[in-house]
2 protein chains.
Amino acid sequence: MLLSKSCVYGVQAAIYMASLPRNEYVAIQEIARELNISFHFLTKVLQNLTQAGLMVSYRGPNGGIALARPTSSINLADIIDAIDGSDIFHECLFGLPGCGIADPCPAHENWSTMRARLHNLCHMLTLEELGKRANQLNVRLANASVPMKPATLIAAITNSSQAPIEK
Amino acid sequence: MLLSKSCVYGVQAAIYMASLPRNEYVAIQEIARELNISFHFLTKVLQNLTQAGLMVSYRGPNGGIALARPTSSINLADIIDAIDGSDIFHECLFGLPGCGIADPCPAHENWSTMRARLHNLCHMLTLEELGKRANQLNVRLANASVPMKPATLIAAITNSSQAPIEK
DNA sequence: CAAATTACAGATAACATACTCTGAAAAATG
DNA sequence: CATTTTTCAGAGTATGTTATCTGTAATTTG
Ligand code: SF4
Ligand code: SF4
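Notes on the structure follow. The shown structure was predicted, so the numbers you read here are calculated from the model rather than taken from an experiment.

**A word on the overall build of chain A**
Line of reasoning, step 1. What chain A contains, in helices and strands, is eight helices and two strands.
Line of reasoning, step 2. Listing the helices and strands of chain A from first to last along the sequence gives α-α-α-β-β-α-α-α-α-α.
Line of reasoning, step 3. Going through the 167 residues of chain A one by one, you find that 47% of them count as buried.
Line of reasoning, step 4. Long-range contacts, defined as pairs at least 24 residues apart, comprise 69% of the intrachain contacts of chain A with a sequence gap of at least 6.
Line of reasoning, step 5. Summed over its atoms, the accessible surface of chain A is roughly 8300 Å², and 53% of this surface lies on carbon and sulfur atoms.

This is how it looks when you write it as structure tokens:
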């Protein structure tokens, strides 16, 4: 698979958060439940994102994690970078170290354009856009057994008692 | 990584064989040495290719493996299919089971075109083309410590005592 | 037929990834 | 200040991939 499982979880969680009407602290427990991901494992994954400065966390009741920047300024590549590293965008089909035009493999020409296209795509896809799409009908975010955001979302909207968003 | 290590080895070996002037039995030992791959491991990998009908093998002295079809009728996708399976071409960025337009994830539109492009590319790249390119100057096939085909190739050209190519 | 050379088969070990569990530390709430 | 809720930190487990090793079957050569 192109992305590691950890990375997929991180991306799904990020899109889930971006799909919410407002940027507020969400408990990892809720995300894990909603996306059908192991809670403890997701915790570890998301720590990468907070350490990378993409998210901020807040402990205690009503705490959780929130996006550190507006959804329009976080893209797919940012998240992949933080979890899997940027190797995917630079390494080659054959995984040879020290690739380059000076010493190319037989597939270099084709692959390098492919790779660049992928990098472009992941840079273009912002959380804003992905979050919007996730809110559309018949769009699913994960292999969830439960349909996307039932009462949870409404609760989040009406619930005004939130921890301060600025660290 | 997109391809497993096994798959990379298989592709490298196939290109190496395609780069030879004639389609003749080559000892796996030679390929492993030339491409800097563990012999026993490469053996296992190449068994996938013979079982898939892409290569034929012959035991005993002067035996080895050879391409089962002309280089022009074997492409990258064939080899990837035989070793890693065709999942890469059909599975998605998020690895969700049962993907489709009816129940898409937020990245479907972008990713499905990306994926199709990749599949196309791997279908277009025949061993004939890849072998040709491998023979060009400054092109390398693997992370080899030894420069590509020194005396080995000349020996293969001049050596006329070969096992019968038809099984 | 004996010896050498090769692919084939299967067991085992080393390593990485994916996942689980336990116990802390921080913050709110009453 | 005790209790609850949350993230944080790290050990431990399970599973799969990668690599190694040992032996066997097929084939040629002399
Ligand atoms: S030459 Fe290009 S395609 Fe080949 S391994 Fe290097 S970067 Fe990748
Ligand atoms: S909807 Fe498309 S991109 Fe998303 S998981 Fe399915 S096939 Fe992949």
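What follows picks up the thread again.
**Observations concerning helix H7 (residues 127-134) of chain B**
Line of reasoning, step 1. For H7(B), the set of buried residues is Leu127(B), Leu130(B), Gly131(B), Arg133(B) and Ala134(B). Summarising the axial view, the buried residues of H7(B) lie within an arc of 160 degrees, below the 170-degree limit, and thus occupy one face.
Line of reasoning, step 2. As for H7(B), its buried residues are in contact with helix H6 (108-124) of chain A together with helix H1 (5-19), strand E2 (64-67) and helix H4 (76-84) of chain B.

**Focus: the pattern of salt bridges**
All names here are of chain A.
Line of reasoning, step 1. Under the defined criterion, the tally for this structure stands at eight salt bridges over all chains.
Line of reasoning, step 2. Glu-24 is the partner of Arg-22 in a salt bridge, and the nearest nitrogen-oxygen pair spans 3.2 Å.
Line of reasoning, step 3. Judged by its relative accessible area of 46%, Arg-22 is partly exposed.
Line of reasoning, step 4. The exposure class of Glu-24 is buried, given its relative accessible area of 9%.

**Quick word on the protein's contact with DNA strand C**
Line of reasoning, step 1. Surveying the vicinity of DNA strand C reveals 23 residues, the closest of which are Lys5(A), Ser38(A), Tyr58(A), Ile28(B) and Ser57(B).
Line of reasoning, step 2. Here the atoms of DNA strand C within 4 Å of the protein split so that 67% fall in sugar or phosphate, with bases taking the remainder.
Line of reasoning, step 3. Between Lys5(A) and DNA strand C, the recorded distance is 2.9 Å, taken from a backbone N or O atom to a phosphate oxygen.
Line of reasoning, step 4. Residues belonging to the surface near DNA strand C are distributed by class as follows: nine nonpolar, ten polar and four charged.

**Here we look at the packing of helix H3 (residues 39-51) of chain B against H4(B)**
The relative placement of two packed helices is expressed as an angle between their axes plus a distance between the axes.
Residues and elements named next belong to chain B.
Line of reasoning, step 1. As a packed pair, H3 and H4 sit with axes 9 Å apart at the nearest point and diverge in direction by 115 degrees. On the basis of the axis angle, H3 is roughly perpendicular to H4. Considering only the axes of H3 and H4, their crossing is right-handed. Counted together, Val-45, Asn-48 and Leu-49 of H3 and Ile-79, Ala-82 and Ile-83 of H4 form the full contact between these two elements.
Line of reasoning, step 2. The residue makeup of the contact of H3 with H4, split by class, is five nonpolar, one polar and no charged.

**A few points about the environment of Leu121(A)**
Line of reasoning, step 1. Tracing the backbone through its elements, the reader meets Leu121(A) in helix H6.
Line of reasoning, step 2. According to the relative accessible area criterion, Leu121(A) is buried, its value standing at 14%.
Line of reasoning, step 3. Remark: the alpha-carbon pair of Leu121(A) and Asn110(A), spanning eleven residues in sequence, is separated by 17 Å.
Line of reasoning, step 4. Sequence-distant contacts of Leu121(A), defined by excluding residues within four places in its chain, comprise Asn110(B) and Met114(B).

**Re the protein's contact with DNA strand D**
Line of reasoning, step 1. Close contacts around DNA strand D come from 26 residues, with Ile28(A), Ser57(A), Lys5(B), Tyr58(B) and Pro61(B) the closest.
Line of reasoning, step 2. When the atoms of DNA strand D within 4 Å of the protein are grouped by moiety, sugar and phosphate amount to 62% of the total.
Line of reasoning, step 3. Here a phosphate oxygen of DNA strand D sits 2.9 Å away from a polar atom, N or O, in the main chain of Lys5(B).
Line of reasoning, step 4. At the level of elements, helix H3 (39-51) and strand E1 (55-58) of chain A together with H1 and H3 of chain B are the ones that each hand at least two residues to the surface near DNA strand D.

**Details of the side chain of Arg115(B)**
Residue and element names in this part refer to chain B.
Line of reasoning, step 1. By the element assignment, Arg-115 lies in helix H6 (residues 108-124).
Line of reasoning, step 2. Glu-91 is the oppositely charged side chain nearest to the buried, salt-bridge-free Arg-115, at an N-O distance of 8.4 Å.
Line of reasoning, step 3. Leaving out residues up to four positions away in the same chain, Arg-115 has contacts with Ile-88, Phe-89, His-90, Glu-91 and Cys-92.

**Some remarks on unusual backbone geometry**
Residues and elements named next belong to chain B.
Line of reasoning, step 1. Phi is positive for Asn-36, which is not a glycine, with a value near 65 degrees.
Line of reasoning, step 2. When you line up the elements, Asn-36 lands in the loop between helix H2 (28-35) and H3.
Line of reasoning, step 3. Of note in this structure, Asn-62 is not a glycine but carries a positive phi near 65 degrees.
Line of reasoning, step 4. With respect to the element layout, Asn-62 can be found in the loop between strand E1 (55-58) and E2.
Line of reasoning, step 5. Given the relative accessible area of 46%, Asn-62 is considered partly exposed.

So, how was this worked out
Residues numbered from 1 in each chain as written. Chains lettered and ligands numbered in written order. Predicted model: local features only at pLDDT ≥ 70, side-chain atom pairs only at ≥ 80, totals over all residues. Heavy atoms only, no water. Helix = DSSP H or I, 4+ residues; strand = E, 2+ residues; numbered from the N terminus. Buried < 20%, exposed > 50% of the residue type's maximum accessible area, 1.4 Å probe, protein only. Contact = heavy atoms within 4.5 Å. Areas by Shrake-Rupley, 256 points an atom, 1.4 Å probe, with all protein chains shown as cover. Arc of directions from axis to C-beta. Salt bridge = Lys/Arg side-chain N within 4 Å of Asp/Glu carboxyl O. Near = heavy atom within 4 Å. Polar contact = N/O pair within 3.5 Å; in protein donor to acceptor, adjacent residues only side chain to side chain. Nonpolar A, V, L, I, M, F, W, Y, C, P; charged D, E, K, R; others polar. Axes fitted to C-alpha atoms, helices over the stretch in contact; angles between N-to-C directions. Parallel < 35°, antiparallel > 145°, perpendicular 65-115°, else oblique. Left-handed = near helix turned anticlockwise from the far one by under 90°. Lys, Arg positive; Asp, Glu negative; His and termini not counted.

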